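Per-entry structural report
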Amino acid sequence: SGRGDRTDYANRKRMVMKHVNPIKQHLERVLLVKENKKMVAERERGMLNNRTLANLCIDKNYRTPFRQFTKKDTTNVAVSLVIDCSGSMSGNKIEVARQTALALGESLKALNITCEVVGFNTNDYVDMSSKARGLSADEIARFNRYGTGLNHMIFKSFDSNDLSGISMAKSGGCNADGESITWAGKRLAERKEKRKIMIVL
């Protein structure tokens, strides 16, 4: 986490900063306001509450026939940004994924929302493949994959504010979406925040 090239990260950040404020405003509306917006009755000012108007006739001392919308911003949200770093993401695709993750990450950081940026791909694992050749057909049948290493990369952990690791996201190898999303999902599930959101790029 946070071990990327800081110069490369700074250059990429300059490219996406014009998008960060609009994204931040949208995320603020979606993630923060809706969670804690509610109507509170029995107020001395605000909108008339039809359900309590009769109390004005019944009780001459009644002074709270209004209701008000209240909202309290909260950061009780954790977001996981998961980047497919397989070979099919080569060229412009991985660049767009990096820029998107950076823009979202900077926006979430500005809102004080906990986020993590991770990636995944696979590569040939020669040592495992040679060991598998010594197994019987029954033993081999226990596995759906062998000779392939599954790479899980943490570009920014939940507990870090350093997004420079995003510059390390590069394409190559194959992908294993199921196992990798399960891995990222387990990390997200361990968070104490009430709401949990995963975005796969």
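Residues numbered from 1 in each chain as written. Predicted model: local features only at pLDDT ≥ 70, side-chain atom pairs only at ≥ 80, totals over all residues. Heavy atoms only, no water.

The 4 strands lie next to each other as 6-5-4-7, forming an open sheet whose pairing is mixed. For this open sheet the edge positions go to strand 6 (148-156) and strand 7 (195-200), each flanked by a neighbour on one side alone. Put simply, the sheet's adjacent strands are angled 20° from each other on average, direction ignored. Along the sheet, helix 3 (residues 92-110) makes contact with strand 4 (77-84), strand 5 (114-124) and strand 7, crossing strand 4 at roughly 170°. (Pairing = 2+ DSSP bridges. Helix = DSSP H or I, 4+ residues; strand = E, 2+ residues; numbered from the N terminus. Axes fitted to C-alpha atoms, helices over the stretch in contact; angles between N-to-C directions. Contact = heavy atoms within 4.5 Å.)

In terms of burial, strand 4 is a largely internal element, 8 of the 8 residues being buried. Note that strand 4 and strand 7 share 6 bridges and pair parallel. Note that in strand 7 the partner of Val82 across the bridge is Val200. Relative to strand 5, strand 4 is paired through 7 bridges, and the arrangement is parallel. Among the inter-strand pairings, Val79 is bridged to a residue of strand 5, identified as Cys115. As for the winding sense of the linkage, the β-α-β connection from strand 4 through helix 3 to strand 5 is right-handed. (Buried < 20%, exposed > 50% of the residue type's maximum accessible area, 1.4 Å probe, protein only. Right-handed = clockwise from strand over helix to strand, strands pointing away.)

To continue, consider helix 3. With 19 residues, helix 3 extends 27 Å between its outermost C-alpha atoms, agreeing within 8% with the 27 Å of an ideal straight helix rising 1.5 Å per residue. Of all the positions in helix 3, only Ile94, Glu95, Ala97, Arg98, Ala101, Leu102, Ala103, Leu104, Gly105, Glu106, Ser107 and Leu108 are classed as buried. The positive-phi residue at the C-terminal boundary of helix 3 is Asn112, with phi of around 60°. (Expected span 1.5 Å × (residues − 1).)

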